[in-house]
Amino acid sequence: MSTLEIRDLQVSVKLPDGELKPILAGVDLTIKSGETHAIMGPNGSGKSTLAYSIAGHPKYEITGGSVTLDGQDVLALTVDERARAGLFLAMQYPVEVPGVSVANFLRTAKTAIDGEAPKLRTWAGELRGAMEKLQMDPAFAQRNVNEGFSGGEKKRHEIMQLELLKPKMAILDETDSGLDIDALQIVSEGVNRVRATGDTGFLLITHYTRILRYIKPDFVHVFVGGRIVEEGGSELGERLEAEGYKKFVNA
Ligand SMILES: Nc1ncnc2c1ncn2[C@@H]1O[C@H](COP(=O)(O)OP(=O)(O)OP(=O)(O)O)[C@@H](O)[C@H]1O
Ligand SMILES: [Mg+2]
């Protein structure tokens, strides 16, 4: 049983001229393993900033507050250490890793996170199984990470990582955007398989309630102006779809 605790988190983005532009204005959120939280909010409200800040992207400066995973200070850890501690981020725009094949990348990541290399005999089968379940062509294993992948293929690859790495906390930043109807269902099923273990907590950032019908969240948070302004159950997502953010933006 794990708990990710975000308390009064304040974050600025570092501009090229060295100035700091405040984005997160005090975020409070607690996620326990087995729980699924959805965050919805207008463009530019800081959702990806929250995801990147937890993962440790150097572009963001933490100016206040705290993030802990089972009491451990996440913000004091390097990006690697955060991944090893059990944090996982599926990025809104996954990056290409030229010269590194999917198979090598996953094996290296798995080794780093588990502290030992996966057994050769079982690993190949595990990888093949994960690709099959996400209906990915086995040829992807030999391609360079995200190089020339279509938008939807990048997202499936993120979910394949999720299934193989079994993190304690998974942050999925718009994993549903750009997916065709079938892919959305395949990706959702992947998330639900990990979810069913009860060992992983999820933070699902999305603009659409469609994915929330496949992956029913326990909690929905409305994110506006760098903080959470409203919280509710899955019905809040439906309400937002009908009413938009006007009420919260002007509040
Ligand atoms: N280098 C930068 N210079 C200026 N502003 C920046 C920079 N990087 C990020 N920002 C601003 O930070 C704000 C928050 O961005 P963020 O990507 O977190 O939003 P978001 O909620 O994820 O939006 P979306 O729904 O469109 O993905 C935006 O207004 C963005 O323009
Ligand atoms: Mg974003």
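Quick look at the structure, then. None of the values given here were measured: they were computed from a predicted structure. The residue count restarts for each chain, going from 1 along the sequence in the order it is written. Chains and ligands are labelled sequentially in the order written, the chains with letters from A and the ligands with numbers from 1. Reporting of local features is limited, given that this is a predicted model, to residues whose pLDDT is at least 70; pairs of side-chain atoms are given and counted only at 80 or more, and all residues count toward the totals for whole chains, interfaces and linings. In computing side-chain values, all of the structure's heavy atoms are included and hydrogens and water are not.

### Some thoughts on the packing of helix α3 (residues 102–114) against helix α5 (residues 151–165)
Worth spelling out the cut-off: To get an axis, fit a line to the C-alpha atoms, keeping to the stretch in contact for a helix; angles then go from 0 to 180 degrees between the N-to-C directions. Labels follow the DSSP assignment, with helices taken as runs of H or I lasting at least four residues and strands as runs of E lasting at least two, numbered in each case from the N terminus. Take the far helix as the reference: if the near one is turned anticlockwise from it by less than a right angle, the crossing is left-handed, and if turned clockwise, right-handed. Throughout, a residue-residue contact means that at least one pair of heavy atoms, one from each residue, lies within 4.5 Å. Ten residues, namely Ala, Val, Leu, Ile, Met, Phe, Trp, Tyr, Cys and Pro, are considered nonpolar, four, namely Asp, Glu, Lys and Arg, are considered charged, and the remaining ones, Gly among them, are considered polar.
Direction vectors running N to C along α3 and α5 enclose 35°, while the axes themselves pass 10 Å from each other. In terms of crossing hand, the pair formed by α3 and α5 is right-handed. Between α3 and α5, the contacting residues are Val102, Phe105, Leu106, Ala109, Lys110 and Ile113 on the first element and His157, Met160, Gln161, Leu164 and Leu165 on the second. Each residue belonging to the contact of α3 with α5 can be placed in one class, and the counts come to eight nonpolar, two polar and one charged.

### Remarks on the packing of aromatic side chains
Basically, it comes down to this: The pairing test for Phe, Tyr and Trp rings, Trp by its six-membered ring, is centres within 6.5 Å, and the orientation test on the planes gives stacked under 30 degrees, edge-to-face over 60, and tilted for anything in between. Classification of residues uses two cut-offs on accessible area relative to the type maximum, computed with a 1.4 Å probe and protein chains only: under 20% is buried, over 50% is exposed, and between them is partly exposed.
Per the counting criterion, the structure on display carries two aromatic pairs. Taking 5.0 Å as the distance between ring centres and 90° as the angle between the ring planes, the aromatic pair formed by Phe140 and Phe149 counts as edge-to-face. We note that Phe140, like Phe149, is buried.

### Some points on the pairing of strand β10 (residues 201–205)
To keep things clear, this is the line we draw: DSSP-based pairing: two strands are paired if at least 2 bridges between them are found.
Of all the five residues making up β10, five are buried; the element is thus mostly covered by neighbouring parts of the structure. Alternating residues of β10 divide into Gly201, Leu203 and Ile205 and Phe202 and Leu204, and every residue in both groups is buried. Across four bridges, strand β3 (residues 36–40) lies against β10 in parallel orientation. Across the sheet, the residue bridging to Thr36 is Phe202, located in β10. Judged from the five bridges that link them, strand β9 (residues 169–173) and β10 form a sheet pairing that is parallel. By the bridge assignment for β10, Ala170 is matched with Phe202.

### Brief notes about the coordination of the magnesium ion (ligand 2)
So the rule is basically this: Donor atoms are limited to N, O and S found within 2.8 Å of the metal ion, a distance that becomes 3.2 Å for Na, K and Ca. With water left out, some sites might look partial.
For the magnesium ion (ligand 2), every protein donor is listed as Ser48 (OG) and Gln92 (OE1), and the spread of their distances is 2.0 to 2.2 Å. In this pair, Ser48 sits in helix α1 (residues 47–55) while Gln92 sits in the loop between β6 (87–90) and β7 (97–101), placing the two residues 44 residues apart along the sequence. Classification of Ser48 by relative accessible area gives buried; the value is 19%. Judged by its relative accessible area of 17%, Gln92 is buried.

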